[in-house]
Each structure stands twice: as C-alpha cells, then as structure tokens.
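If you want the building blocks of each chain, they are given just below.
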Amino acid sequence: NRRFKLVVIGGGAGGCSIAAKFAKTIGPKSIAVIEPSDVHYYQPMWTLVGGGMKSLADSGRPMSSVLPSSIEWVKDQATEIKPSKHTVVVGTGSSKQEIQYDYLVIAVGIQLQYEKIKGLPQAFNSPGVCSNYSSLYVNKTLQALKDFNKGNAVFTFPNTPVKCAGAPQKILYIADQFLRKNGKRDNAKLIYNTSLGVLFGVKHYADSLWNVVKSRDISVNLRRNLVEVNARNKTAIFEDLDNAGKLETVSYEMLHVTPPMGAYDLIKKNSEDIPDAAGFVDVNKGTLQHVRHPNVFAIGDCANLPTAKTAAAVAGENGILFRNLTNVMNGKEPELIYDGYTSCPLVTGYDKCILAEFDYNGQPLETFPIDQSKERRSMFLMKKDVMPEIYWNLMLKGNWNGPAPFRKLFAPFK
Ligand code: FAD
Ligand code: UQ1
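A word on the overall build of the protein
Okay, so step 1: When helices and strands are tallied, the protein shows ten helices and 21 strands.
Okay, so step 2: For the protein, the C-alpha radius of gyration of 21 Å lies close to 22 Å, the compact-globule estimate for 414 residues.
Okay, so step 3: Classification of the 414 residues of the protein by burial places 57% in the buried group.
Okay, so step 4: Contacts in the protein between residues far apart in sequence, at least 24 positions, make up 64% of those at least 6 positions apart.
Okay, so step 5: By element, 49% of the accessible surface of the protein is carried by carbon and sulfur atoms, the whole surface being about 17000 Å².
Okay, so step 6: Taking the average place of the 49 positive charges on the side chains of the protein and the average place of its 38 negative ones, the gap between the two points comes to 3 Å.

Side note on the sheet that holds strand S15 (residues 235-240)
Okay, so step 1: Across the sheet, three strands lie side by side as S14-S15-S16; this open sheet has antiparallel pairing. Strand pairing shows two members of the sheet lacking a second neighbour, strand S14 (224-230) and strand S16 (247-251), which therefore form its edges. On average, each strand axis in the sheet is inclined to that of its neighbour by 30°, with strand direction left out of account.
Okay, so step 2: Of the pairings in the sheet, the one linking S15 to S16 comprises five bridges and is antiparallel in character. Looking across to S16, one finds that Phe238 is bridged to Glu248.

Comments concerning the environment of Tyr173
Okay, so step 1: By the element assignment, Tyr173 lies in helix H5 (residues 167-181).
Okay, so step 2: Measuring from C-alpha to C-alpha, the distance between Tyr173 and Leu209 comes to 10.0 Å, with 36 residues separating the pair along the chain.
Okay, so step 3: When neighbours within four sequence positions are excluded, Tyr173 is seen to be in contact with Leu199, Leu209, Val212, Val213, Arg216, Ile218, Val347 and Thr348.

Notes on the packing of helix H1 (residues 13-25) against helix H8 (residues 311-329)
Okay, so step 1: Two elements in contact, H1 and H8, have axes separated by 10 Å at closest approach and are oriented at 40°. Taken together, the axes of H1 and H8 lie oblique to each other. Between H1 and H8 lies a crossing of right-handed hand. Only Val314, Asn318, Gly319, Leu321, Phe322, Leu325, Thr326 and Met329 of H8 make contact with H1, whose side of the interface consists of Ala13, Gly14, Ser17, Ile18, Lys21, Phe22 and Thr25.

Overview of the sheet that holds strand S12 (residues 188-194)
Okay, so step 1: Pairing is parallel across the open sheet formed by five strands, whose spatial order is S10-S17-S11-S12-S13. At either end of the open sheet lies a strand with only one pairing partner, and these are strand S10 (129-130) and strand S13 (219-222).
Okay, so step 2: Bridge count for S12 against S13 is four bridges, and the pairing is parallel. Across the sheet, residue Thr194 finds its bridge partner in S13, namely Leu222.

Considerations on the site of ligand 1
Okay, so step 1: Taken together, the neighbourhood of ligand 1 is formed by 35 residues, with Gly14, Glu35, Ala78, Asp301 and Ala312 sitting nearest.
Okay, so step 2: Here Ser37 contributes a side-chain N or O atom positioned 3.2 Å from an oxygen atom of ligand 1.
Okay, so step 3: Lys170 places a polar side-chain atom, nitrogen or oxygen, 3.1 Å from an oxygen atom of ligand 1.
Okay, so step 4: Out of a free accessible area of 1000 Å², ligand 1 has 92% covered by protein chains.
Okay, so step 5: Among the elements of the structure, H1, H5, H8 and strand S20 (342-347) are those that each provide at least two residues to the shell around ligand 1.
Okay, so step 6: By residue number, the principal contributor to the shell around ligand 1 is H8, which donates three residues.
Okay, so step 7: Split by residue class, the shell around ligand 1 holds 17 nonpolar, twelve polar and six charged.

Examining the site of ligand 2
Okay, so step 1: In the region of ligand 2, 17 residues are neighbours, and Tyr42, Ser343, Met387, Met395 and Trp400 sit closest.
Okay, so step 2: Between ligand 2 and Trp400 there is a distance of 2.9 Å, counted from an oxygen atom to a side-chain nitrogen or oxygen.
Okay, so step 3: The protein chains hide 96% of the 440 Å² of surface that ligand 2 would expose on its own.
Okay, so step 4: Every element with two or more residues in the shell around ligand 2 is listed here: H8, S20, strand S21 (353-358) and helix H9 (377-394).
Okay, so step 5: Ranked by the residues each element gives to the shell around ligand 2, the list is headed by H8, at three residues.
Okay, so step 6: Its residues assigned to classes, the shell around ligand 2 shows 14 nonpolar, two polar and one charged.

Calculation criteria
- Residues numbered from 1 in each chain as written.
- Chains lettered and ligands numbered in written order.
- Predicted model: local features only at pLDDT ≥ 70, side-chain atom pairs only at ≥ 80, totals over all residues.
- Heavy atoms only, no water.
- Helix = DSSP H or I, 4+ residues; strand = E, 2+ residues; numbered from the N terminus.
- Rg over C-alpha atoms; globule rule 2.2 N^0.38 Å.
- Buried < 20%, exposed > 50% of the residue type's maximum accessible area, 1.4 Å probe, protein only.
- Contact = heavy atoms within 4.5 Å.
- Areas by Shrake-Rupley, 256 points an atom, 1.4 Å probe, with all protein chains shown as cover.
- Lys, Arg positive; Asp, Glu negative; His and termini not counted.
- Charge placed at Lys NZ, Arg CZ, Asp CG, Glu CD.
- Pairing = 2+ DSSP bridges.
- Axes fitted to C-alpha atoms, helices over the stretch in contact; angles between N-to-C directions.
- Parallel < 35°, antiparallel > 145°, perpendicular 65-115°, else oblique.
- Left-handed = near helix turned anticlockwise from the far one by under 90°.
- Near = heavy atom within 4 Å.
- Polar contact = N/O pair within 3.5 Å; in protein donor to acceptor, adjacent residues only side chain to side chain.
- Nonpolar A, V, L, I, M, F, W, Y, C, P; charged D, E, K, R; others polar.

The quantities given are spatial measurements derived from coordinates; they are silent on function.
Here's what the structure looks like:
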C-alpha cells in the first residue's frame with residue numbers, strides 16, 4: 001500500500017492541469033495520478049476532425065508527455081473510492097491495489113453511453129453512421145460527408161447531461177457548408193433532432209443560432225430523443241418527449257449521433273458517499289470542495305456543478321480549486337468562489353464561429369469587446385489555431401485559469 005499527499009483520479013483536461021499546479025508547490029513526488037489511457041486527447045478538436053479541418057492525430061499526445069514529470073503515474077483504472085479510509089482502489093482481480101491519499105481530486109470526466117441506444121454501437125460498422133464524441137468514430141464523420149449523395153443528414157442531441165452542449169450542432173453547420181461546397185446541398189435535407197426544448201440554453205446565443213438555422217434551410221425538431229438506429233434499412237427512431245410512447249422513424253443517408261452520457265459507475269455506484277442523487281461528485285458549487293469530505297475536491301465533467309461541461313469551464317475551475325485545496329492543506333478554509341464560467345465556441349462553418357461565454361446564471365460573460373453572438377472569422381481562428389496552443393502549452397502545464405484577465409483588460413473598451 002502506498003500513500004501520497006495528493007491523489008488525482010483522471011489525467012484529462014482537469015486532472016492534468018491540477019497535477020501540474022501542485023507539482024510546482026508540493027513537489028511531484030507527493031502526487032499520484034491514476035489514469036489508464038496511453039493517449040491524452042484534446043477533445044474540443046474533434047469537431048474540426050469530423051469536418052476534415054484537423055486530423056485525429058493532431059488531437060492526441062502521449063499521456064506520458066502531458067503528465068507532469070516525476071509524479072507517480074498509476075496506469076490503471078480507479079475502481080472504488082473509500083473516503084472514510086482516504087483510499088482509492090485501483091484495478092481489479094489480481095492486479096488490484098490500494099492507494100492512500102491525504103487529499104483527493106476527482107477528475108474522471110463523463111461516460112459515453114452509446115449502448116443505451118438500441119442498435120448502437122454496432123451500427124457504427126455501417127456507412128453513414130458517425131459521432132464526433134469518440135476517437136473510435138470521429139473519422140467516420142468526414143467519410144460520411146464525402147460519401148453523401150442525397151437524402152437526409154440527421155444530427156442528434158440526447159436526453160441526458162452532455163459535455164460541450166454546442167458540439168452536437170457545430171457538426172450540423174459544418175455539414176451544411178461541406179455539402180454546399182461540394183454542390184450536394186440541394187439533394188440534402190438537414191435535420192437537427194434535439195431532446196432539449198431550446199436550440200441553446202442561453203438566449204443571447206440561441207437567437208443567433210436560430211438565424212443560422214433559418215438562413216441555411218435546416219429543420220430543427222425540439223424534444224426528439226434518439227432511441228434506436230436500424231442500420232439495415234438506414235432509419236433512426238426518435239421518441240417524442242412531449243407525447244409519451246409516440247415514435248417517429250426518420251430515414252438517413254448520414255446520421256451523426258451525440259451519445260447519451262452519465263456519471264461513471266466509479267462515482268455513481270462504487271464510491272460510498274461521493275455522488276449526489278444523479279451520480280456526479282457532490283461538490284460545493286462555489287468552492288469545488290466535496291460537501292461531506294473536506295479533503296476531497298472535484299473538477300470538470302464529473303462534478304455536479306450546474307454549468308455547461310467544457311474544457312473552458314475546467315480552465316475557470318482550475319485556479320479556484322488550486323487555491324482552495326492549498327488553503328485546506330494549510331489548515332485554512334477555501335476562499336475563492338467559482339462563478340460557473342464556461343465557453344462554447346459554436347463553429348458554424350469552415351471559417352466562422354459564435355463564441356458563447358456565460359456563467360451559472362446563463363448571463364453572457366464575454367472576453368472580447370465585440371458582439372460575440374455574431375458569426376466571426378476571428379473567433380474561428382481563435383478556436384482552430386489559438387485554443388490548442390493555449391491548451392497544450394499553458395493549461396496542461398498549470399498556467400491557464402481561463403480568459404478572465406483578458407476580460408478585465410478589455411472591459412474599458414466595451
Ligand atoms: P476528460 O478530459 O474527459 O478526462 C477524464 C480522464 O479521466 C480521461 O483521461 C479518462 O481516461 C480518465 N478516467 C475515466 N475513468 C477513470 C477511472 N475510473 N480511473 C482513472 N481515470 C479515469 N470543451 C470546450 O471547452 N470547448 C469546446 O469547443 C469543446 N468541444 C468539444 C467537442 C467534443 C466532440 C467533445 C467530446 C468535447 C468537447 N469539449 C469542449 C468538452 C471537453 O473536452 C471536456 O469538457 C473536458 O475534456 C473535460 O475535462 P475533464 O478533465 O473533466 O474530463
Ligand atoms: C478556454 O479557456 C478553453 O480552455 C482551454 C477552451 O477549451 C478548449 C475553449 O474552448 C475556450 C473558448 C476557452 C476560453 C478562452 C478564450 C481566449 C475566450
């Protein structure tokens with residue numbers, strides 16, 4: 001059995017950046033990161049991979065190259081958290097081991113649940129069915145666009161919490177532009193079926209997106225939830241969430257699936273007293289500290305923070321968690337309060353983007369002194385070329401707490 005001052009579960013956006021911050025203060029030897037994957041993916045790039053603007057290889061780096069050097073990398077899955085014993089169980093069967101912590105940061109992200117839709121994941125073996133949400137299926141998106149001749153291109157949004165709530169419709173707009181460029185748009189009907197009752201949760205941006213939808217001749221159906229994919233006859237079956245039991249069958253030439261998502265069993269089932277009723281880590285919305293276990297914090301998609309789950313939110317949470325946990329390590333109380341900052345670069349084509357940024361109250365919290373609800377090339381270039389640099393070179397090294405300093409800098413020009 002081994003003991004570390006700080007154990008971090010997950011080496012994704014949140015885990016990696018938090019480990020990097022603490023490596024500089026408490027020293028790398030006091031830190032263990034539990035992470036089974038060989039590759040760390042910058043998932044926000046997958047929207048661009050699906051549209052053929054970047055490659056899957058561009059989005060990944062070896063995990064060993066992004067975790068801070070000299071920390072202990074436990075290359076396995078965490079399978080149980082025992083907060084009363086300050087212990088994380090790692091692995092199963094004969095490879096099972098226990099790791100003890102003084103302080104714990106949970107950063108495991110959110111689980112994709114394709115299997116909750118009848119016919120998936122098997123239908124991914126058939127042409128036309130794709131999903132930007134997984135490294136396994138993202139390359140099928142560009143292929144489906146290239147293969148498209150005529151018919152329906154259908155895009156879905158599930159009836160669960162998701163990460164990056166804008167991504168399901170970014171690929172819709174990219175597909176529209178791809179088909180126009182290739183002279184196939186007249187033969188295509190673009191359909192966006194979303195479980196939500198709105199196009200986007202923040203009205204300021206939803207208004208703009210409705211204009212995009214109208215000007216591009218896209219059909220949007222609200223409150224439609226994908227329940228089955230029948231690859232043999234190329235149909236997708238949706239339930240009408242406002243008419244229980246009513247199903248609609250839509251034939252597709254291309255189908256982009258955003259999978260249902262949910263808390264990992266590690267949190268939901270296998271870690272006593274860690275989850276809330278919905279299965280996410282039960283933390284204080286302001287301090288990110290667990291509401292019952294003061295030496296446990298969570299960051300990112302696995303936390304029950306009522307904001308849109310994004311890497312931008314992780315950036316905003318980063319500095320808050322670091323300061324507050326540092327205080328706790330020093331026998332003090334948490335002091336910084338997270339405002340729910342999150343951002344979603346709503347890519348609407350091959351050269352434009354609406355940069356949504358907002359807080360817990362759904363109030364726009366924009367960085368730049370321009371109207372970000374407009375489609376802009378500058379914001380597209382920011383998303384495509386600047387954000388990856390910020391992510392790899394600053395954020396994962398513990399040096400990016402989100403754009404708040406720039407917002408303050410630009411405030412006088414608003
Ligand atoms: P992740 O980065 O997903 O990392 C979780 C890590 O935990 C993984 O490495 C995983 O292997 C590990 N893990 C899981 N279970 C265990 C376990 N039991 N034990 C140990 N380790 C475990 N965000 C934006 O800000 N802007 C965007 O434009 C954007 N676009 C997106 C587009 C797509 C298609 C997708 C899929 C996501 C997008 N996001 C975007 C969201 C962003 O990628 C996530 O919100 C962000 O990665 C969350 O960070 P995280 O650390 O919580 O989880
Ligand atoms: C951001 O900070 C961030 O985290 C690294 C993202 O994730 C990829 C984003 O998409 C965005 C938009 C931000 C916010 C940054 C700026 C400069 C507005």
